[in-house]
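Here is what each chain is made of, one letter per residue.
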Amino acid sequence: MASSSIRHVTIDCADTYKLGSFWASVLGHPLAEDDNPGDPEALLRLPEGPDLLFIAVDDARSVKNRLHFDIAPDTSRDEEVERLIALGATVHEDHRRPDGPGWVTMKDIEGNEFCVERSQAERDAAPAS
């Protein structure tokens, strides 16, 4: 049976290098060597999934994302939220619950929403429901 695979997740943005560099820091992988400030596109190669391709567009984002990333950190969720704030992200909505579950909806440096979930270790340590 024929099928396709996802090669890139393409993200329209105002500044490809700046947004690509933000996500390179979040995900711990460098931008492609030939990417430079002012380029019309930037590529973030991810060994564990499709690459992220940042494309410059003139129109500003005006509505909520139709697609967003849910990231699971290798540290605690709360430590990752603080690290991402230091990188320039902002908290949009906090869905953490006092008993541990939940997530934080954040915005990247261009206002694109993404969610930070609990780490695998935090999920493994949670009592079974």
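Residues numbered from 1 in each chain as written. Predicted model: local features only at pLDDT ≥ 70, side-chain atom pairs only at ≥ 80, totals over all residues. Heavy atoms only, no water.

## Description of the pattern of salt bridges
At step 1: Inspection of every chain in the model, using the stated rule, returns six salt bridges.
At step 2: The residue Arg45 makes a salt bridge to Asp51 at a minimum N-O spacing of 3.1 Å.
At step 3: Note on Arg45: relative accessible area 51%, which makes it exposed.
At step 4: In this structure Asp51 comes out as buried when scored by relative accessible area, which is 11%.
At step 5: Residues Glu80 and Arg83 are paired through a salt bridge, measuring 2.8 Å at the closest nitrogen-oxygen approach. Pair noted here: Glu80 and Arg83 are both in helix H2 (residues 77–87), with a separation of three residues, about one helical turn. (Salt bridge = Lys/Arg side-chain N within 4 Å of Asp/Glu carboxyl O. Buried < 20%, exposed > 50% of the residue type's maximum accessible area, 1.4 Å probe, protein only. Helix = DSSP H or I, 4+ residues; strand = E, 2+ residues; numbered from the N terminus.)

## Regarding the sheet that holds strand E2 (residues 41–44)
At step 1: Spatially, the three strands line up as an open sheet ordered E1-E3-E2, and their pairing is mixed. Both edges of this open sheet fall to strand E1 (8–13) and E2, since each of them pairs with a single strand only. Mean inter-strand twist for the sheet, computed between neighbouring axes without regard to direction, equals 20 degrees.
At step 2: Of the pairings in the sheet, the one linking E2 to strand E3 (residues 51–56) comprises four bridges and is antiparallel in character. Within E3, the position partnered with Leu44 by the bridge is Leu52.
At step 3: Of the strands in this sheet, E1, E2 and E3 are in contact with helix H1 (residues 16–27), which crosses E3 at around 160 degrees. (Pairing = 2+ DSSP bridges. Axes fitted to C-alpha atoms, helices over the stretch in contact; angles between N-to-C directions. Contact = heavy atoms within 4.5 Å.)

## Notes on the side chain of Arg77
At step 1: Checked against the element boundaries, Arg77 lands in helix H2.
At step 2: Apart from the residues lying within four places of it in its own chain, the contact partners of Arg77 are Arg96, Gly100, Pro101, Gly102, Trp103, Val116, Glu117, Arg118 and Glu122.

## Let's talk about the nonpolar core
At step 1: One finds Trp23, Leu44, Phe54, Leu84, Met106 and Phe114 to be the most contacted residues of the largest nonpolar core, which totals 22 residues.
At step 2: Taken together, the elements giving at least two residues each to this core come down to E1, H1, E2, E3, H2, strand E6 (104–107) and strand E7 (113–116).
At step 3: Ranked by residue count, the leading element in this core is H1, at five residues.
At step 4: Filtering out sequence-adjacent residues up to four positions away, Phe54 remains in contact with Ile11, Cys13, Thr16, Leu19, Gly20, Trp23, Pro40, Glu41, Ala42 and Leu44. (Core = buried A, V, L, I, M, F, W, Y, C linked by side-chain atoms within 4.5 Å.)

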